[in-house]
Amino acid sequence: LPGLEVVPAAAMGMGAMSAVMLGLPLSSVLLATVLLGKNGTDAIPLVIVAVVVAHIVRARLEPTLLRQTKAREPTPAPAESGASA
């Protein structure tokens, strides 16, 4: 985004990525903030917004992705019902 400094942008990216991968939004905000130290505390509001948006997008897209994955799975072949001697 124009006018956005590097440290807040990195904090937003780290927070959003960890929120999507871990599924833990509060921990994601804390992780991004602690890793960037003093500069991270200044970016907390931006990180919170990024984490909330990422968490909502993941919650919205996850059922769709699961349905698409299940549709692609091959159906198992039916078991043979032959008599064995």
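Just above, that's the structure.
Residues numbered from 1 in each chain as written. Predicted model: local features only at pLDDT ≥ 70, side-chain atom pairs only at ≥ 80, totals over all residues. Heavy atoms only, no water.

(A) Representation of helix α4 (residues 44-72). Helix length check: α4, at 29 residues, gives a terminal C-alpha distance of 41 Å against a target of 42 Å (1.5 Å per residue), a fit within 8%. Listed in full, the buried residues belonging to α4 are Val47, Ala50, Val51 and Ala54. Contact partners of the buried residues in α4: α1 (6-22) and α2 (25-35). (Helix = DSSP H or I, 4+ residues; strand = E, 2+ residues; numbered from the N terminus. Expected span 1.5 Å × (residues − 1). Buried < 20%, exposed > 50% of the residue type's maximum accessible area, 1.4 Å probe, protein only. Contact = heavy atoms within 4.5 Å.)

(B) Region of the structure containing the pattern of salt bridges. For the structure shown, the criterion picks out two salt bridges. With its nearest N and O atoms 3.6 Å apart, the salt bridge here joins Lys38 to Asp42. Of this pair, Lys38 and Asp42 both sit in helix α3 (residues 37-42), separated by four residues, roughly a single helical turn. The class for Lys38 is exposed, based on a relative accessible area of 61%. Looking at Asp42, the relative accessible area reads 55%, which means it is exposed. Here Glu62 makes a salt bridge to Arg58, at a shortest N to O gap of 3.5 Å. Taken together, the residues span about one helical turn, with Glu62 and Arg58 both in helix α4 at a distance of four residues. Accessibility expressed as a relative area gives 37% for Glu62, which makes it partly exposed. (Salt bridge = Lys/Arg side-chain N within 4 Å of Asp/Glu carboxyl O.)

Function cannot be read off these values alone, since they describe shape.
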